[in-house]
Amino acid sequence: MTKIKKSIALDTNFEKTFDHIGMTALNTTETDTTESLITELTRPEGWGVSVADIIGQNSVRLDAEHYNPKISKNMEMLEASKYGLLPLADLAQIDLPGQFVRIWAKDAEHGIPYLNATDLMSFAALGEPAQLRYLSKATDVNIDRLIVREGMILVTCSGTLGRVFEVPKALDGWVGTHDIIRVIPTDPAMKGYIRAFLSSSYAQTQILSHTHGGQIDHVTANQIRSCLVPQLSDKQMRAISIQMDKSEKMKQKAAGMVLTSLSQIKEALDNV
């Protein structure tokens, strides 16, 4: 893969502009710095890739972003480390339910609370989903496969890609959209480590390199399964897991406090 350096001419005569707005013209050094900055902002890097490299891929992709040098550099860094790499599929069960036609119910008597990616982001920040909806129990789908359980790791895979969440106790038993990949670690003690890695730039670069789709971006469960995870020592991975579990508890506690505060404000205003 060879980088292509492009060149374009820039007009660096800014004196008239600075006079007009009452500013002193930049000296030569400042101009050079400004020119470099403008060049960086207006002349994005390009890259080239050989036909052999494209054909050699498991999946022949013709979109340029798939061959972004930062992706190959990310893999080079992982492979150059002293740690072995395992596909995520060797460490966790990964499931993505198929699409289905939703039938909504008016309440919990006739349906099950429903989540999508927006609800998860809202819950993480504010302690409650963006809206409360119920999927009818009469929906023609395997509802058990849609249900999320406490401690399950969820990864968004449609529209917004690669956001990582852990299902809190409060959402245990809810049904989730088919646009969220479920990751269930084979060893529960590795849950925190897997979640930490999936949130890292090393994993995010891998996940986003698979982005495809016409109007809406997607990644598939198979592409998440192929994500390579470094195998640190057992002691290191367990220590990271413990720290991640602690941070998750604190985050969920903080979200609960935000929800309580918002409820108190609402109650106070309602009583005015």
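Residues numbered from 1 in each chain as written. Predicted model: local features only at pLDDT ≥ 70, side-chain atom pairs only at ≥ 80, totals over all residues. Heavy atoms only, no water.

Chemist: I tried to follow helix H5 (residues 117–126) on my own but got confused; where do I start?
Modeler: Helical geometry note: an α-helix holds 3.6 residues per turn, so side chains three or four residues apart project in the same direction. Within H5, the full set of buried residues consists of Ala117, Asp119, Leu120, Ser122 and Phe123. Summarising the contacts, the buried residues of H5 are in contact with strand E6 (111–115), strand E8 (153–158), strand E9 (160–166), strand E11 (180–185) and helix H10 (234–270). (Buried < 20%, exposed > 50% of the residue type's maximum accessible area, 1.4 Å probe, protein only. Helix = DSSP H or I, 4+ residues; strand = E, 2+ residues; numbered from the N terminus. Contact = heavy atoms within 4.5 Å.)

Chemist: How should the sheet that holds strand E5 (residues 104–105) be read in this particular structure?
Modeler: Neighbouring strands of a sheet are bound in pairs by backbone hydrogen bonds; such pairs are parallel or else antiparallel. The 4 strands lie next to each other as E5-E7-E6-E10, forming an open sheet whose pairing is mixed. The open sheet has two edge strands with one neighbour each: E5 and strand E10 (175–176). Pairing geometry for E6 and E10, over 2 bridges, is parallel. When the sheet's bridge partners are listed, Tyr114 is paired in E10 with Val175. (Pairing = 2+ DSSP bridges.)

Chemist: Which parts of the structure should I look at to understand the nonpolar core?
Modeler: Generally speaking, nonpolar side chains in soluble globular proteins are found buried as a group. Counting 25 residues, the largest nonpolar core has Leu88, Ile181, Val183, Ile194, Leu198 and Ile224 as the members making the most contacts within it. Of all the elements, helix H7 (residues 191–199) adds the most residues to this core, at 4 residues. If we skip the residues at most four places from it in the chain, Val183 touches Ala92, Gln93, Ile94, Met152, Ile153, Val155 and Ile194. Among the nonpolar cores identified, the runner-up in size contains 11 residues, and Phe123, Phe165, Val167 and Trp174 belong to it. (Core = buried A, V, L, I, M, F, W, Y, C linked by side-chain atoms within 4.5 Å.)

Chemist: Can you help me understand the packing of H7 against helix H8 (residues 201–208) in this one?
Modeler: Packed helices, taken two at a time, are described by their axes: the angle between them and the distance between them. Two numbers describe how H7 lies on H8: the axes approach to 4 Å, and their chain directions differ by 65°. Residue-level inspection shows Phe197, Leu198 and Ser199 of H7 in contact with H8, the latter providing Ser201, Tyr202, Ala203, Gln204, Gln206 and Ile207. Of the residues contributing to the contact of H7 with H8, the split by class is 5 nonpolar, 4 polar and no charged. (Axes fitted to C-alpha atoms, helices over the stretch in contact; angles between N-to-C directions. Nonpolar A, V, L, I, M, F, W, Y, C, P; charged D, E, K, R; others polar.)

Chemist: When you look at the sheet that holds E8 in this model, what are you seeing that I'm missing?
Modeler: The strand order across the open sheet built from 4 strands is E4-E11-E8-E9, with neighbouring strands paired in antiparallel fashion. One side of each edge strand has no neighbouring strand; the edge strands of this open sheet are strand E4 (92–95) and E9. Taken pair by pair, the neighbouring strands of this sheet meet at an average axis angle of 20°, ignoring direction. Here 4 bridges tie E8 to E11, and the two strands are oriented antiparallel to one another. By the bridge assignment for E11, Thr156 is matched with Ile180. Contacts from H5 reach E8, E9 and E11 within the one sheet, and its direction differs from that of E9 by about 50°.

Chemist: Please clarify how the side chain of Arg195 should be interpreted in this entry.
Modeler: Along the chain, the position of Arg195 falls in helix H7. Among the polar contacts listed, one links the side chain of Arg195 to the side chain of Glu166, at a separation of 2.8 Å. The contacts of Arg195, once residues within four sequence positions are left out, are Ile153, Val164, Phe165, Glu166, Met244, Asp245, Ser247 and Glu248. (Polar contact = N/O pair within 3.5 Å; in protein donor to acceptor, adjacent residues only side chain to side chain.)

Chemist: Mind showing me how you'd approach the environment of Asp107 here?
Modeler: Mapped onto the secondary structure, Asp107 falls in the loop between E5 and E6. It is 9.0 Å that separates the C-alpha atoms of Asp107 and Leu135, two residues lying 28 residues apart in sequence. For Asp107, the side chain forms a polar contact with the side chain of His110, separated by 2.9 Å.

As far as function goes, none of this settles anything; it's purely spatial.
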